[in-house]
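Spelled out, the chains give:
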Amino acid sequence: MLDVVYCFILIEGQLVTEIPKSSSGHHKDAAEQTPSRLERRFPDFSYITQNGRLTDFLDCVIISHFHLDHCGALPYFSEMVGYDGPIYMTHPTKAICPILLEDYRKITVDKKGETNFFTSQMIKDCMKKVVAVHLHQTVQVDEELEIKAYYAGHVLGAAMFQIKVGCESVVYTGDYNMTPDRHLGAAWIDKCRPDLLITESTYATTIRDSKRCRERDFLKKVHETVERGGKVLIPVFALGRAQELCILLETFWERMNLKAPIYFSTGLTEKANHYYKLFITWTNQKIRKTFVQRNMFEFKHIKAFDRAFADNPGPMVVFATPGMLHAGQSLQIFRKWAGNEKNMVIMPGYCVQGTVGHKILSGQRKLEMEGRQILEVKMQVEYMSFSAHADAKGIMQLIRQAEPRNVLLVHGEAKKMEFLKQKIEQEFHVNCYMPANGETTTIFTNPSIPVDISLGLLKRETAIDAKKPKLMHGTLIMKDNSFRLVSPEQALKELGLAEHQLRFTCRVHIQDPRKEHETVLRVYNHLKGVLKDYSVQHLPDGSITVESILIQATAHLEDQGTKVLLVSWTYQDEELGSYLTSLLKKGLPQSTS
Amino acid sequence: MLDCGLDMTSTLNFLPLPLVQSPRLSKLPGLVLKDGSTFLDKELKECSGHVFVDSVPEFCLPETELLDLSTVDVILISNYHCMMALPYITEYTGFTGTVYATEPTVQIGRLLMEELVNSIERVPKAQSASMWKNKEVQRLLPAPLKDAVEVSMWRKCYTMPEVNAALSKIQLVGYSQKIELFGAVQVTPLSSGYALGSSNWIIQSHYEKVSYVSGSSLLTTHPQPMDQASLKNSDVLILTGLTQIPTANPDGMVGEFCSNLAMTVRNGGNVLVPCYPSGVIYDLLECLYQYIDSAGLSNVPFYFISPVANSSLEFSQIFAEWLCHNKQTKVYLPEPPFPHAELIQTNKLKHYPSIHGDFSNDFKQPCVIFTGHPSLRFGDVVHFMELWGKSSLNTVIFTEPDFSYLDALAPYQPLAMKCVYCPIDTRLNFIQVSKLLKEVQPLHVVCPEQYTQPPPSQSHRTDLMIDCQPPPMSYRRAEVLTLPYKRRYEKIEIMPELADSLVPLEIKPGISLATVSAMLHTKDNKHVLQLPPKPPQPPTSKKRKRVSDDVPECKPLKPLLSGSIPVDQFVQTLEKHGFSDVKVEDTAKGHIVLLQEAETLIQIEEDSTHIICDNDEPLRVKLRDLVLKFLQKF
């Protein structure tokens, strides 16, 4: 358990999922403004504190990637609710995030006239609090808390974060993708064995069909439409899948030598491609390797779109934002082209209820537009999932990589999560949790305690065979929160105490009429025969030692036929000493001569 | 192993490799020794009083004799200049370890190696001189060849397959990434501010910290600033890679560079800048970007010629995360971080892989050419030295500090061309070093011997040496140095079950003790203590045992004891437990307690107790336990 008193960590996705929502369990996009439906635009941060300052309750904020359902509420949170602590994100996220936020603000405030929203200045002020992190860099947030980013695929700059206090850790995945695509690599994490893995589970039950098939399907549909002179509209989110599909079409056009123009809507996407060029180290191996010869984001066939082009005759393909057809350029183009059955719209991602995208995907063909106007949709409508989330197989793969002790599922639909939860528990024998919105889950960990061991003691114990576990003895000194394990001798010395030696000497009577030194020799041979693993020595002065135990023989004062063996040992050799006396008491074997 | 640099000054002893047949070089006279013998005249040539080896240039390798390099587990690279010997180490010594470096270091290091291999391989030389290396022969030669060290160890350049094999052994790391090595130590690269991806390294265990500071800069150039804070609390700080030109101020040198360049071009001459394909060239291009319009140089073509020119310019633009704050901010806009993108776009800067091909068509004079290699022994620069050397209108400006410019120029003498020496070395100077050391306060400083005394040429400049307390420990080639600290502790983990079983006892106020008897497991240099296994159940079967079955298996040591036994109380205790005939005698050091009936005697002194009895085990055990009641266990 991460200590709640010392470090409460706000993980964006988690808080998003904490918003109580009545309808569908799908809590993506909760922070994103979608038409009409959402009453609460931003997460309810009073979950963190009712009346105190957020900064006092949070050590840091971590943003996993630039999608608005993960960072859309950030300026509201930091500037309007008020948070002054550090906000961590990767460099590409830091670069792209403010642009999407500004875009979001414009649509909400300028176009829709909403009030009580964050301003451009607030976005700027918020971004000033952002600390950019490198992949795999260990960031020391404060004396105890450290975080580390791992590559997550999904979108440019997306990262998973490991959060660590002492030897306890949590990994939060954000959104991730376990298979490399045309422009990004696969998510990767080392065997960091976190106490808890918080993973998204968007595609909890889906084992998605091969990507190749989906791509072929997509290209076929686009190609057929263009061949028959139709126009293809692909509403996209400006960054992410847009680039993936652009690369896909670009290479297809090149291979098939197609002439129909491809456009992407102006502004954001064009600029976006620039980010991909400058942050090419975040893309996949192949693109990185070849970028000097050919930068994959410098498209030959794809040109910037102008509003007037929509009325041009002949076939064309247009990528336009936003992705759910709820406003802006994609909606405008859609209205122009919807009436013609030769045309096609391809929805490459999920659409929130209430959007035009959602309506046409659910089969609606007559749409009520602004001013009671009815738009009849005759164009073909296709849905093709290209969003880059890990599927069930990928989630299992990540768990295998990281080897967490507990798993917590977020960002998915309850029913599907239940299925995945069972699968995880079965395969990995770890606890799996899927708390409902607003629910608190407590996870107990059982950390081992790190202490300092003196090198002298450690070397003494590992000198013989370091690999074999062995019993060791030491003294743990606990002083001012420091724990030191030292040898008992050192502990005594440090505390200024003297050792008290406890010694035993036992008289053992043996019937043996021979001379003393012969008796000694017999005892020696006997012990040597029995105690094979011990050092048994016959000393020149006539005594015998077994390790540090001393045995001397004297004649009995009265009885010449009896010899007295004096067996002497210290308390530290108690076991062996006690054993020896009982052994000798049994007498010497007769056979030895 | 810390770094893997290649000493390229050895190449200064060789004749330049011209790209096109040079009549001047091929006509140089062979060496005639003092005694008149001419047997070396094929191998050694004379030019303006200097002797040069007429052979493929060779490099001086890092020390490979001192230890078996196949036993090296890890090589840490601090910057791309310090990895040039990597193929020699990874491919020829049986090395099987891992090399750690940052991504820009690897990418740009690859470019430097590629340029090196390319410029040597494209001018195949039939002759390979080796006779002069014979110790007897070398003795007869004039300086500096006579004094060249370890010439038998000099090696020809590696090949591209070797470079690729070497680079494939590198593991990429990021700044402040903690890398566990065998569970024993943790290494962490930190930004050193000198070049793209350049790093200092921290090597630490739980208790000791060694910082390796190599090639660091406190100046604001294109790379991320140096991370000084993380170097604090070092037990030992190894300091190397200081500026080679401690007397030159880099800013002043850049100014001089610009003015000399402008003057030459205005007078109709050409400017040659021998340089590496990455590093300071980015800063020079940035200065020129701001300077050329104001200096009226907008129409002068700038050429950058290197087999890796294009790659270098492209790579510089994609390492946003490794750049200084200003450049990072530009990327967020998004704009290319370096203005050379604009110079290229506006055709002011053109780059070519070599002088052949497109360049010969586009070539217009007067112009400014950036090209390698700074040693002037190979690469396209040789061509321009030959081409422009005869005219005093032209200028060669030396900016790289690695080679003495006079030595570099020697095989081109006599030379009419102007030579300007503007070495730009942004690495730490001695003033910055003492500031740094004051800031991070390491317990000990270790550095090469030459930093502990003034430069030989300026022996009065006592300010040109490291000054710190305690004085630095110095090392030289092939010397073994023992670092002055003793390791005392290591981390061990106590498993929760074991921790629960411990019984702490407060011995003094604030100090508690617990005796620990546990199983020690050691794996990958990590130590864990677990509960000892439960003693096996005594066998219930009545099978007759052999004597040896009872021998105690391991030797679990009993704890040490401390304390003293008050005789009166002890006697009372004895009586309470049924001993009726207790007698006490005083001795010099303590007491003797006699149990007459049992023929038992207990000597009690301040620090010892001795129980002498007959072989009556139950009695002995009873007495033992009574004594132990008075003592503390450790």
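For clarity, every value in this text was computed on a predicted model and none was experimentally measured. Residue indices begin from 1 for each chain and proceed along its sequence in written order. Written order decides the labels, with chains lettered from A and ligands numbered from 1. Only residues with pLDDT of 70 or above have their local features reported here, since the model is predicted, and side-chain atom pairs are shown and tallied only from 80 upward, although totals for entire chains, interfaces and linings are computed over all residues. Values reported for side chains reflect all heavy atoms of the structure, with hydrogen atoms and water molecules removed beforehand.

Digging into the overall build of chain B
Reasoning step 1: Helix and strand definitions here come from DSSP, where helices need a minimum of 4 consecutive H or I residues and strands a minimum of 2 consecutive E residues; each element is numbered from the N-terminal end. Across its full length, chain B holds 17 helices and 28 strands.
Reasoning step 2: The C-alpha radius of gyration computed for chain B amounts to 37 Å, which surpasses the reference 26 Å derived for 634 residues by more than 25%, pointing to a less compact arrangement than a globule.
Reasoning step 3: Considering only C-alpha atoms, chain B reaches an extent of 120 × 65 × 60 Å along its principal axes.
Reasoning step 4: Three exposure classes are used, based on accessible area relative to the maximum for each residue type with a 1.4 Å probe and protein chains only: buried under 20%, partly exposed in between, and exposed over 50%. Relative to its 634 residues, chain B shows a buried fraction of 53%. As defined in this context, the radius of gyration uses C-alpha atoms, and a globule is described by 2.2 Å times the residue total to the power 0.38.

Observations concerning a nonpolar patch on the surface
Reasoning step 1: Taken together, the side chains of Leu66(B), Leu67(B) and Val480(B) make up a nonpolar region of the molecular surface, amounting to roughly 300 Å² of accessible area.
Reasoning step 2: With respect to the element layout, Val480(B) can be found in the loop between β18 (473-475) and β19 (489-494). Patch membership needs two things, relative accessible area over 30% and no salt bridge, and members are linked within 9 Å if like-charged or within 5 Å if nonpolar (Val, Leu, Ile, Met, Phe, Trp, Tyr). Using the Shrake-Rupley algorithm and a 1.4 Å probe, accessible areas are obtained, with residue cover drawn only from the displayed protein chains. We define a salt bridge as a contact between a side-chain nitrogen of Lys or Arg and a carboxyl oxygen of Asp or Glu at a distance within 4 Å.

Details of unusual backbone geometry
What is expected of a backbone is that most residues other than glycine have negative phi and most peptide bonds are trans.
Reasoning step 1: Residue Pro334(B) is bonded to the preceding Leu333(B) through a cis peptide linkage, with omega at -5 degrees.
Reasoning step 2: Along the chain, the position of Pro334(B) falls in the loop between α9 (325-331) and α10 (340-345).
Reasoning step 3: In this structure, Pro366(B) follows Gln365(B) across a cis peptide bond, with omega equal to -5 degrees.
Reasoning step 4: Mapped onto the elements, Pro366(B) comes out in the loop between α11 (358-362) and β14 (368-371).
Reasoning step 5: The phi angle at Asn257(A) is positive, at roughly 55 degrees, despite the residue not being glycine.

A look at the packing of aromatic side chains
Reasoning step 1: Two aromatic rings from Phe, Tyr or Trp, using only the six-membered ring of Trp, form a pair when their centres are within 6.5 Å; if the ring planes differ by under 30 degrees the pair is stacked, by over 60 it is edge-to-face, and anything between is tilted. Taken as a whole and judged by the stated rule, the model has 34 aromatic pairs over all chains.
Reasoning step 2: Ring centres 5.2 Å apart and planes at 50 degrees place the aromatic pair Phe384(B) and Trp388(B) in the tilted group. Placement of the pair is Phe384(B) and Trp388(B) together in helix α12 (residues 381-388), with a separation of 4 residues, close to one helical turn.
Reasoning step 3: A residue is classified by how much of its surface remains accessible, and Phe384(B), at 0% relative accessible area, is buried.
Reasoning step 4: Taking relative accessible area as the criterion, Trp388(B) reaches 2% and is therefore assigned buried.
Reasoning step 5: Site record: aromatic cluster; members linked through ring pairs are Tyr303(B), Tyr352(B), Phe359(B), Phe363(B), Phe384(B) and Trp388(B).
Reasoning step 6: Against the face of Phe504(A) rests Arg620(B), its NZ or CZ located 4.7 Å from the ring centre. Counted as over-ring charges are cases with an Arg CZ or a Lys NZ within 6 Å of the ring centre that also lie within 35 degrees of the ring normal.

Let's talk about the UniProt feature "domain: Beta-Casp" (unreviewed entry) in chain B
Reasoning step 1: Mapped onto the present numbering, the UniProt feature "domain: Beta-Casp" (unreviewed entry) falls on residues 281-409 of chain B.
Reasoning step 2: Within residues 281-409 of chain B, the helical portion is 39% and the strand portion 12%, while the C-alpha atoms at the span's ends are 21 Å from each other. UniProt positions are given in the numbering used here, feature names are shortened, and annotations may be inferred rather than shown by experiment.

Observations regarding the interface of chain A and chain B
Many descriptions give the size of an interface as the accessible area lost when the pieces come together.
Reasoning step 1: Every contact between the two is made by 89 residues of chain A and, on the other side, 95 residues of chain B.
Reasoning step 2: Summed over both partners, the accessible area (1.4 Å probe) lost when two parts come together is defined as the buried area. At the boundary of chain A with chain B, total buried surface from both sides reaches about 8,300 Å², with 60% on carbon and sulfur atoms.
Reasoning step 3: A per-residue breakdown of the area chain A buries against chain B is headed by Leu278(A), His500(A) and Arg507(A), which together make up 10% of the total.
Reasoning step 4: Counting the contacts that link chain A with chain B gives 5 salt bridges.
Reasoning step 5: Taking the shortest distance from any N to any O, the salt bridge between Arg507(A) and Asp614(B) comes out at 2.9 Å. We call two residues in contact whenever any of their non-hydrogen atoms come within 4.5 Å of each other.

Focus on the packing of helix α4 (residues 74-82) of chain A against helix α6 (residues 120-128) of chain A
All names here are of chain A.
Reasoning step 1: α6 packs onto α4 with a crossing angle of 90 degrees between their chain directions and a minimal axis gap of 9 Å. With respect to their mutual orientation, α4 and α6 come out roughly perpendicular. Across from Leu74, Pro75, Ser78, Glu79 and Met80 in α4, the residues of α6 making contact are Met122, Ile123, Asp125 and Cys126.
Reasoning step 2: Residue composition of the contact of α4 with α6, by class: 6 nonpolar, 1 polar and 2 charged. Fitting a line to C-alpha atoms yields each axis, with helices limited to the stretch in contact; the angle taken between N-to-C directions then spans 0 to 180 degrees. Angle categories: roughly parallel below 35 degrees, roughly antiparallel above 145, roughly perpendicular from 65 to 115, and oblique for all the rest. Gly falls in the polar group here, along with every residue not listed as nonpolar (Ala, Val, Leu, Ile, Met, Phe, Trp, Tyr, Cys, Pro) or charged (Asp, Glu, Lys, Arg).

A few points about the pattern of salt bridges
Reasoning step 1: One pass over the structure, following the stated rule, counts 46 salt bridges over all chains.
Reasoning step 2: Between Glu63(B) and Arg477(B) there is a salt bridge, with the nearest N and O atoms lying 3.0 Å from each other. Here Glu63(B), found in the loop between β2 (50-53) and β3 (74-76), pairs with Arg477(B), found in the loop between β18 and β19; they are 414 residues apart in sequence, far enough to count as distant.
Reasoning step 3: Given the relative accessible area of 45%, Arg477(B) is considered partly exposed.
Reasoning step 4: Through salt bridges with shared partners, one network takes in Glu574(A), Glu617(B), Arg620(B), Arg624(B) and Asp625(B).

Points about the confidence of the model for chain B
Reasoning step 1: The predicted model of chain B averages 90 in pLDDT, with 96% of residues at 70 or higher.
Reasoning step 2: As scored by the predictor, the complex reaches a pTM of 0.86 and an ipTM of 0.84. The quantity known as pLDDT measures the predictor's confidence residue by residue, on a range of 0 to 100.

A short note on the domain arrangement of chain B
Reasoning step 1: Assigned domains within chain B: domain 1 (9-173), domain 2 (250-421) and domain 3 (561-633).
Reasoning step 2: Boundaries of every domain are those given by an automatic assignment or by a domain database. Here the C-alpha centroids of domain 1 of chain B and domain 3 of chain B sit 82 Å apart.

Considering the domain arrangement of chain A
Reasoning step 1: With domains assigned, chain A is organised as domain 1 (7-16 + 41-206 + 388-433), domain 2 (211-383), domain 3 (452-463 + 470-495) and domain 4 (503-586).
Reasoning step 2: Taking only C-alpha atoms, the centre of domain 2 of chain A and the centre of domain 3 of chain A are 68 Å apart.

Remarks on helix α8 (residues 309-316) of chain B
All names here are of chain B.
Reasoning step 1: Of all 8 residues in α8, 6 are buried; the element is thus mostly enclosed.
Reasoning step 2: Looking at α8, one finds that the buried residues are Ala309, Ser311, Ser312, Leu313, Phe315 and Ser316.
Reasoning step 3: Considering only its buried residues, α8 is in contact with α3 (103-121), α7 (280-291), β12 (302-305), α10 and β13 (349-352).

Regarding the sheet that holds strand β5 (residues 170-173) of chain B
Residue and element names in this part refer to chain B.
Reasoning step 1: DSSP bridges decide pairing: two strands pair if at least two such bridges lie between them. On the basis of which strands lie adjacent, the open sheet formed by 3 strands has the order β3-β4-β5 and parallel pairing. Edge positions in the sheet fall to β3 and β5, since each of these pairs with one other strand and no more. Averaged over all pairs of adjacent strands, the angle between strand axes in this sheet comes to 30 degrees, irrespective of strand direction.
Reasoning step 2: Packing of α3 onto the sheet brings it into contact with β4 (98-102) and β5, and relative to β4 it is tilted by some 100 degrees.

Observations concerning empty space enclosed by the protein
All names here are of chain B.
Reasoning step 1: Here a cavity denotes a set of grid points, spaced 1 Å apart and computed over the protein atoms alone, in which a 1.4 Å probe fits but from which it cannot get out, and a pocket denotes an open set meeting protein on both sides within 12 Å along at least five of seven lines; residues with an atom within 4 Å of a point are reported as lining. Grid points are joined across faces, edges and corners, and a volume is the space filled by probe spheres set on the points. A complete count under the given rule lists 7 cavities of 30 Å³ or more for this structure.
Reasoning step 2: Each pocket or cavity is described by its volume, and for the second largest cavity that value is around 60 Å³.
Reasoning step 3: Broken down by element, the residue count for the lining of the second largest cavity peaks at 3 residues, all from α3.
Reasoning step 4: Residues that form the lining of the second largest cavity fall into these classes: 4 nonpolar, 6 polar and 3 charged.

Focus on helix α5 (residues 160-167) of chain B
All names here are of chain B.
Reasoning step 1: Glu162, Val163, Ala166 and Leu167 are the residues of α5 that are buried. The buried residues of α5 occupy an angular sector of 130 degrees when the element is viewed end-on, so they sit on one face.
Reasoning step 2: Looking at the buried side of α5, the elements it contacts are α2 (86-92), α3 and β5. The directions from the helix axis to the C-beta atoms form the arc being described.

Topic: the environment of Lys156(B)
All names here are of chain B.
Reasoning step 1: Within the secondary structure, lysine 156 is located in the loop between α4 (135-138) and α5.
Reasoning step 2: For the pair formed by lysine 156 and cysteine 60, sequence separation is 96 residues and the distance between their alpha carbons is 9.2 Å.
Reasoning step 3: Setting aside residues no more than four positions away along its own chain, lysine 156 makes contact with Val56, Pro57, Glu58, Phe59, Tyr88 and Ser128.
Reasoning step 4: Separated by 3.0 Å, the side chains of lysine 156 and serine 128 make a polar contact. Whenever a nitrogen or oxygen atom comes within 3.5 Å of another N or O atom, the pair is scored as a polar contact, on the condition that within protein one atom can donate a hydrogen and the other can accept it, and that pairs from neighbouring residues in sequence are kept only if both atoms are in side chains.

Quick word on the state of the cysteines
Residues and elements named next belong to chain A.
Reasoning step 1: Note on terminology: disulfide denotes any pair of cysteine sulfur atoms within 2.5 Å. Throughout the structure, instances matching the rule amount to 0 disulfides over all chains.
Reasoning step 2: Cysteine cysteine 71 shares no disulfide, and the gap to the nearest cysteine sulfur, in cysteine 97, comes to 3.4 Å.
Reasoning step 3: Just so you know, cysteine 192 is unpaired, no disulfide at all, and the nearest cysteine sulfur is the one on cysteine 167, 14 Å from it.

Some words on the sheet that holds strand β11 (residues 271-274) of chain B
All names here are of chain B.
Reasoning step 1: Taken together, the 6 strands give an open sheet; going across it, the order is β13-β12-β14-β11-β15-β16, and neighbouring strands pair in parallel fashion. A single partner strand is all that each edge strand has here, and the edge strands are β13 and β16 (418-421). Strand-to-strand twist of the sheet, defined as the mean angle between neighbouring strand axes without regard to direction, takes the value 20 degrees.
Reasoning step 2: When strand β15 (residues 395-398) meets β16, the two strands line up parallel, connected through 4 bridges. Each residue of the ladder has a partner; that of phenylalanine 398, found in β16, is tyrosine 421.
Reasoning step 3: Contacting β12, β13 and β14, α7 crosses the sheet at an angle of about 165 degrees to β14.
Reasoning step 4: Strands in contact with α8 are β12 and β13; relative to β13, the strand with the most contacts, it is inclined by about 125 degrees.

Some remarks on the side chain of Glu490(B)
Reasoning step 1: Take Glu490(B): it is sitting in strand β19.
Reasoning step 2: Look at Glu490(B) and you get buried, because its relative accessible area is 18%.
Reasoning step 3: Polar side-chain contacts of Glu490(B) include one of 2.8 Å to the side chain of His527(B).
Reasoning step 4: Excluding residues that lie within four positions of it along the chain, Glu490(B) makes contacts with Val451(A), Asp452(A), Ile453(A), Leu455(A), Leu458(A), Tyr207(B), Asn525(B) and His527(B).

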